[in-house]
Amino acid sequence: MPQDVEFGLPWPLRSSPHLPRAREHSLAWLEEFGLLGEQTFTPAEFTDWRLAELAAYFFPDATGEGLELAGDLMGWYFAPFDDRFDGSLGRNPLQAAAVCAELAAVMAPGDVPGAGTPLSTTRALADIWQRSCRGMSGAWRARAANDWLAYLAAHLAETVDRRQGRVMDADECVSRRRLATSSFVVIDLIERVSGFEVPALAWHTPVLAELRSLTAEVIGMSNDLCSAEKEEAAGDVGNNLLLILERDRGIGRTQAAEEVVSAIGRRVTRFAAMEERVADLGCWLSEDDAVGVRRLVTGLHDLMRGDYAWERMSGRYRTPPAE
């Protein structure tokens, strides 16, 4: 039922004309880095999960090269990395810390990231990171690296919680899910793949910071709606808002889903109200920089709307029929 839950979003679904090129490139890239195979991630799964479509929905204004980069990140994120934490790695903090530390080193300045490592996941991320940084300022690279580190640390924290049997409430779940999704990493990529950059002072204004946070929360909650049955079947019930509401409030799935949808609606309303304040930045930004800010906000619309459409078509969250 959760994957079929629908709710309204006020932005149009857009896609990229470079989708076929990105799909072909990403399959070849995954093969090149040893991330495709029967024991890891098959080409059929990449196609069924619609990961190239996800990149095209997220970044409809990306250049051809930019969408290739985005498609590669989607392929890396969903199978070689994220799904590993659904298994034994997600319950072994020492092993998870070693994996996260190796991945975090990719973002450190100095030697060629990932050089000499046998881990395909790390070498692939090093390639993504190097390509992501091309043409971007030092300020962008620093904040993008920080968002990657926060993302990795949040996954490690979830591993510790599972090991300790720690139970989160709904508020903590929303906060943790906001960090543990790749939303902030993906938000950074909006500028890189579309060929612009928001000035650092504008990026860190309260209005843009809140819009980014609201975007991450909407995506995290929407994902929890669609992934509830998959996570429940895997026994991973402590990190999903829908399942936590059922447990803590003693309510059924339909009512829990309605509460999550209502929470999403409140955040969309808040986003619209805060978006009206973005024009205020124009009193001190140059015309070109103000256009960049506007492009970023439009990109946030695309992330929320694209995620909504993708989750409801992707085979990743489709539950097999009961026997």
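So, here is what we can say about the structure in this document. Here the structure is a predicted model, which means the values were calculated and not measured. (Residues numbered from 1 in each chain as written. Predicted model: local features only at pLDDT ≥ 70, side-chain atom pairs only at ≥ 80, totals over all residues. Heavy atoms only, no water.)

Re the overall build of the protein chain
How we decide: Numbering of helices and strands runs from the N terminus, with a helix taken as a DSSP run of H or I at least four residues long and a strand as a DSSP run of E at least two residues long. Our radius of gyration is a C-alpha quantity, and the globule rule it is checked against amounts to 2.2 Å times the number of residues to the power 0.38.
Each helix and strand counted, the protein chain has 14 helices and 0 strands in total. The helix and strand sequence of the protein chain, counted from the amino end, reads α-α-α-α-α-α-α-α-α-α-α-α-α-α. Computed over its C-alpha atoms, the radius of gyration of the protein chain comes to 19 Å, within 12% of the 20 Å expected for a compact globule of 323 residues. Considered along the principal axes of its C-alpha atoms, the protein chain spans approximately 55 × 50 × 35 Å.

Quick word on the packing of aromatic side chains
We apply this condition: Paired rings are identified among Phe, Tyr and Trp, the last through its six-membered ring, by centres lying within 6.5 Å, and are further divided according to the angle between planes into stacked (under 30 degrees), edge-to-face (over 60) and tilted (the rest). Residue exposure (1.4 Å probe, protein chains only): buried if accessible area is under 20% of the type maximum, exposed if over 50%, otherwise partly exposed.
One pass over the structure, following the stated rule, counts 10 aromatic pairs. Between the aromatic rings of Trp11 and Phe271, the centroid separation amounts to 5.6 Å while the plane-to-plane angle is 70°, which identifies the pairing as edge-to-face. Remark: Phe271 occurs in helix α13 (residues 253-275) and Trp11 occurs in the segment before α1 (19-32); sequence separation between them is 260 residues. For Trp11, a relative accessible area of 10% corresponds to the buried category. Measuring from centroid to centroid gives 5.7 Å for Trp310 and Tyr317, while their planes differ by 80°, and the two rings are edge-to-face.

Quick notes on the nonpolar core
In plain terms, the rule: Among the buried residues, those of types Ala, Val, Leu, Ile, Met, Phe, Trp, Tyr and Cys that are joined through side-chain atoms within 4.5 Å form a nonpolar core.
Residues Phe59, Trp76 and Leu208 are the most contacted members of the largest nonpolar core, which totals 104 residues. If you tally residues by element for this core, the top one is helix α11 (residues 206-233), at 11 residues.

Observations concerning the packing of helix α7 (residues 138-164) against helix α9 (residues 183-194)
For the record, the criterion: Comment: axis = line fitted to C-alpha atoms, over the contacting stretch for helices; angle = value between 0 and 180 degrees taken between N-to-C directions. Note that the term roughly parallel is reserved for angles under 35 degrees, roughly antiparallel for angles over 145, roughly perpendicular for angles of 65 to 115, and oblique for everything else. Crossings are sorted by hand: turned counterclockwise from the far helix by less than a right angle, the near helix makes the crossing left-handed, and turned clockwise it makes it right-handed. Contacts: residue pairs with any heavy atoms within 4.5 Å of one another. Only Asp, Glu, Lys and Arg are considered charged, only Ala, Val, Leu, Ile, Met, Phe, Trp, Tyr, Cys and Pro nonpolar, and every remaining residue, Gly among them, polar.
Two numbers describe how α7 lies on α9: the axes approach to 8 Å, and their chain directions differ by 155°. Relative to α9, the element α7 lies roughly antiparallel. Of the two possible hands of crossing, α7 and α9 adopt the one that is left-handed. Contacts from Trp140, Arg143, Ala144, Asp147, Trp148 and Tyr151 of α7 reach α9 at Phe184, Val185, Asp188, Glu191 and Arg192. Across the contact of α7 with α9, the residue classes break down as 6 nonpolar, no polar and 5 charged.

A short note on helix α5 (residues 93-104)
What counts, and what does not: Multiplying 1.5 Å by the helix residue count minus one yields the expected span of that helix. This arc describes the spread of directions from the helix axis toward the C-beta atoms.
Its 12 residues give α5 an end-to-end C-alpha distance of 16 Å, which sits within 8% of 16 Å, the value for a rise of 1.5 Å per residue. For α5, the complete set of buried residues consists of Pro93, Ala96, Val99, Cys100, Leu103 and Ala104. Summarising the axial view, the buried residues of α5 lie within an arc of 135°, below the 170-degree limit, and thus occupy one face.

As for the side chain of Asp127
Defined as follows: Polar contacts, as used here, are pairs of N or O atoms within 3.5 Å; protein pairs need one atom able to donate a hydrogen and one able to accept it. Residues neighboring in sequence count only if both atoms are side-chain atoms.
One can find Asp127 in helix α6 (residues 120-133). At 2.8 Å, the side chain of Asp127 forms a polar contact with the side chain of Trp29. One polar contact links Asp127 to Arg131, side chain to side chain, over a distance of 2.8 Å. When near neighbours in sequence (up to four residues on either side) are disregarded, Asp127 contacts Trp29 and Phe33.

Considerations on the environment of Tyr317
With respect to the helices, strands and loops of the structure, Tyr317 is situated in the segment after α14 (287-311). Under the relative-accessibility criterion, Tyr317 is labelled buried at 4%. Within the structure, the side chain of Tyr317 is placed 3.5 Å from the side chain of Arg316, a separation counted as a polar contact.

Points about the pattern of salt bridges
Rules: In what follows, salt bridge is the name for a side-chain nitrogen of Lys or Arg lying within 4 Å of a carboxyl oxygen of Asp or Glu.
Tallied over the entire structure, the rule returns 21 salt bridges. With a shortest N-O distance of 2.7 Å, Asp302 and Arg14 are connected by a salt bridge. Taken together, the residues Asp302 in helix α14 and Arg14 in the segment before α1 connect sequence positions 288 residues apart. The class for Asp302 is buried, based on a relative accessible area of 6%. With its nearest N and O atoms 3.4 Å apart, the salt bridge here joins Asp48 to Arg318. Residue Asp48 is located in helix α2 (residues 43-48), and its partner Arg318 is located in the segment after α14; the two are separated by 270 residues in the primary sequence. Overall, Asp48 belongs to the partly exposed group, its relative accessible area being 31%. Several salt bridges converge on common partners, so that one network encompasses Arg14, Asp61 and Asp302.

A closer look at helix α3 (residues 51-58)
Buried residues dominate α3, accounting for 8 of its 8 residues. Here α3 has its buried residues at Leu51, Ala52, Glu53, Leu54, Ala55, Ala56, Tyr57 and Phe58.

Some words on the packing of α5 against α7
A pair of packed helices is characterised by two quantities: the angle between their axes and the separation of those axes. Two elements in contact, α5 and α7, have axes whose closest approach is 9 Å; the angle formed by their N-to-C orientations is 175°. One way to sum up the angle between α5 and α7 is to call them roughly antiparallel. Contacts between α5 and α7 involve Pro93, Ala96, Ala97, Cys100, Leu103 and Ala104 from the former and Leu149, Leu152, Leu156, Thr159, Val160 and Arg163 from the latter. In terms of residue class, the contact of α5 with α7 is built from 10 nonpolar, 1 polar and 1 charged.

So, unusual backbone geometry
Even without being a glycine, Arg50 presents a positive backbone phi close to 60°. As for its placement among the helices and strands, Arg50 is situated in the loop between α2 and α3. Among the residues examined, Arg50 registers a relative accessible area of 32% and is labelled partly exposed.

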